[in-house]
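Overview (structure and organization)
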Amino acid sequence: MKAWGIKSRNAGVKPEILEVEKPIAGPGSVLVGVKGSSMNQADIKVLTGKNGGGFLHSGKFPILLGFDFAGVVAQVGEGVTDFSAGDEVYGFLAYSTSTKQGALSQYVSLPSTALAKKPSKTSFAEAASLGTVAVTALQSLRDKCKFQPGQKVLINGASGGVGSVAIQVAKIMGGEVWGLCSSKNVDYAKQLGADKVLNYQTTQLEAIPEKFDVVFDVACNSTFSISSKILTPQGHYFVLLPTPAFMIGFLQSLFSPKACRFLGVQSKKKDLDQITAWVEAGRLKPCVSSTLNFNEVPQAFDLLGQQSPRGKIAFSFEF
């Protein structure tokens, strides 16, 4: 089958289409023919191997690229009862040091407990834009930060892939949502439901004259030490990757009532089902800035590397 990947991480390496072995639907697993995918900042990290890229994916070459997918069930493995051939599904591949798959491929195979029926109101590209970012927002706020109705959250990086969905999830959960993003995206973040949005180019995070129960550092450019200045006494600083700065913050948090957390997001059917329910009810919408085809993956990496992204770059695949 065809799959986008890299054979090395030499300087200037670009993704290329590789011919690789088609995965199978083993016991308890589902084989999906991919019809849509999307890009995450994690994909750039995997491509370059920097900023935690080795943590997110196998270091063995060739490395196949992409995490998010939506498509049609091609085959179910022994013991699978929740899905049948022809079902429209979506999900994402787990961040793993052992995975040899990529969602920018013709097929993926994964446990039936790690995918869900696609929202009927979305295209394959739109559904594929939701998996990683929506489940990250849900598991971060609900499970790690114990976010409650009436609490206040600041989303640093409010207009990007995770941030644009995190605004909506936090509002669904009954929170007061503040955003921090570039000036050109302030109105966009407000349209998604943020109660107040600040321009990071004129307002430093630590100078905001408010206290927050959660600082959700989607942009990963703050620290626990800085963000704790605007946290409530038992607030949570949350970041998406366990960087060296996070490890320092975690050690500092051991001597503070304030918490420093990160999430190893997991693709779980029950959480994807919750996202689907919110989409079907009109409470959550995909945030897709552009939709490309299978041959345009290199252009997508270039677009993703630009500053101040808005929502997700998605793909519609026809093979």
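Here, the structure is the one placed above.
Residues numbered from 1 in each chain as written. Predicted model: local features only at pLDDT ≥ 70, side-chain atom pairs only at ≥ 80, totals over all residues. Heavy atoms only, no water.

Things to note about the overall build of the protein
- From N to C terminus, the protein includes ten helices and 16 strands.
- Its C-alpha atoms give the protein a radius of gyration of 19 Å, near enough to 20 Å, the size a compact globule of 319 residues would have.
- Across its three principal directions, the C-alpha atoms of the protein cover 55 × 45 × 35 Å.
- Buried positions account for 55% of the 319 residues belonging to the protein.
- In the protein, 69% of the contacts between residues at least 6 apart in sequence involve partners at least 24 apart.
- For the protein, the computed accessible surface area is about 13,600 Å², with 51% contributed by carbon and sulfur atoms. (Helix = DSSP H or I, 4+ residues; strand = E, 2+ residues; numbered from the N terminus. Rg over C-alpha atoms; globule rule 2.2 N^0.38 Å. Buried < 20%, exposed > 50% of the residue type's maximum accessible area, 1.4 Å probe, protein only. Contact = heavy atoms within 4.5 Å. Areas by Shrake-Rupley, 256 points an atom, 1.4 Å probe, with all protein chains shown as cover.)

Description of the nonpolar core
- Judged by nonpolar contacts, the single largest core of 47 residues is most densely connected at Tyr90, Leu141, Val153, Ile155, Ile167, Phe216 and Ile275.
- It is helix α5 (residues 161-172) that provides the largest number of residues to this core, a total of seven residues.
- Discounting residues that sit within four places of it in the chain, Ile275 has contacts with Tyr90, Leu130, Ala134, Val135, Leu138 and Leu284.
- With 33 residues, the next largest nonpolar core counts Trp4, Val32, Ile63 and Leu104 among its residues. (Core = buried A, V, L, I, M, F, W, Y, C linked by side-chain atoms within 4.5 Å.)

Observations concerning the environment of Gln266
- Structurally, Gln266 can be placed in the loop between β14 (259-262) and α9 (269-280).
- Using a relative accessible area of 44% as the deciding quantity, one classes Gln266 as partly exposed.
- Measuring from C-alpha to C-alpha, the distance between Gln266 and Val13 comes to 29 Å, with 253 residues separating the pair along the chain.
- Contacts of Gln266, omitting those with residues within four sequence positions, involve Phe92, Val135 and Gln139.

Section: unusual backbone geometry
- Geometrically, the link from Phe61 to Pro62 is a cis peptide bond, its omega value of 0 degrees lying close to zero.
- Considering the arrangement of structural elements, one finds Pro62 in the loop between α2 (53-56) and β4 (63-64).
- Its identity as a non-glycine residue notwithstanding, Lys146 has a phi of 50 degrees, on the positive side.
- Relative to the helices and strands, Lys146 resides in the loop between α4 (131-144) and β9 (152-156).
- Look at Cys220: it is not a glycine, yet its phi comes out positive at around 55 degrees.
- As for its placement among the helices and strands, Cys220 is situated in the loop between β12 (212-217) and α7 (224-227).

A short note on α5
- In this model α5 runs 17 Å from its N-terminal to its C-terminal C-alpha over twelve residues, within 8% of the 16 Å that 1.5 Å per residue would give.
- Buried residues dominate α5, accounting for eleven of its twelve residues.
- Along α5, the positions that sit buried rather than exposed are Gly161, Val162, Gly163, Ser164, Val165, Ala166, Ile167, Gln168, Val169, Ala170 and Ile172.
- Positive backbone phi, at 90 degrees, marks Gly174, one or two positions downstream of α5. (Expected span 1.5 Å × (residues − 1).)

As for the packing of α4 against α5
- Running from amino to carboxyl end, α4 crosses α5 at an angle of 50 degrees, the nearest separation of the two axes being 8 Å. The orientation of α4 relative to α5 falls into the category oblique. For the element pair α4 and α5, the recorded crossing hand is right-handed. When α4 is examined against α5, the residues Val133, Ala134, Thr136, Ala137, Leu138 and Leu141 are found in contact with a partner set consisting of Gly161, Val162, Val165, Ala166, Val169 and Ala170.
- Among the residues making up the contact of α4 with α5, the classes are represented as ten nonpolar, two polar and no charged. (Axes fitted to C-alpha atoms, helices over the stretch in contact; angles between N-to-C directions. Parallel < 35°, antiparallel > 145°, perpendicular 65-115°, else oblique. Left-handed = near helix turned anticlockwise from the far one by under 90°. Nonpolar A, V, L, I, M, F, W, Y, C, P; charged D, E, K, R; others polar.)

Focus on the packing of aromatic side chains
- In this structure the tally under the stated criterion is ten aromatic pairs.
- Seen in terms of ring centroids, Phe246 and Phe262 are 5.2 Å apart; in terms of plane orientation they differ by 70 degrees. Their pairing is edge-to-face. Residue Phe246 is located in helix α8 (residues 244-253), and its partner Phe262 is located in strand β14; the two are separated by 16 residues in the primary sequence.
- Taking NZ or CZ as reference, Lys22 lies 4.3 Å from the ring centre of Tyr107, over its face.
- In this arrangement the basic side chain of Lys152 is found over the ring face of Phe212, its NZ or CZ atom lying 5.8 Å from the centre. (Phe/Tyr/Trp six-rings, centres within 6.5 Å; stacked < 30°, edge-to-face > 60°. Lys NZ or Arg CZ within 6 Å of the ring centre and 35° of its normal.)

Some points on the sheet that holds strand β1 (residues 2-6)
- Across the sheet, which stays open at both edges, the three strands sit in the order β2-β1-β4 with antiparallel pairing between neighbours. Among the strands making up the open sheet, the edge pair consists of β2 (16-19) and β4.
- Relative to β2, β1 runs antiparallel, the two being bridged by four bridges. Paired with Gly5 across the strands is Glu16, a residue of β2. (Pairing = 2+ DSSP bridges.)

Focus: the pattern of salt bridges
- Counting across every chain of the model gives nine salt bridges.
- Of the charged contacts, one joins Asp271 and Arg142 as a salt bridge, the two residues approaching to 3.1 Å between their closest N and O atoms. Here Asp271, found in helix α9, pairs with Arg142, found in helix α4; they are 129 residues apart in sequence, far enough to count as distant.
- The exposure class of Asp271 is buried, given its relative accessible area of 2%.
- Judged by its relative accessible area of 30%, Arg142 is partly exposed.
- Between Glu210 and Lys152 there is a salt bridge, and its shortest N-O distance comes to 2.8 Å. (Salt bridge = Lys/Arg side-chain N within 4 Å of Asp/Glu carboxyl O.)

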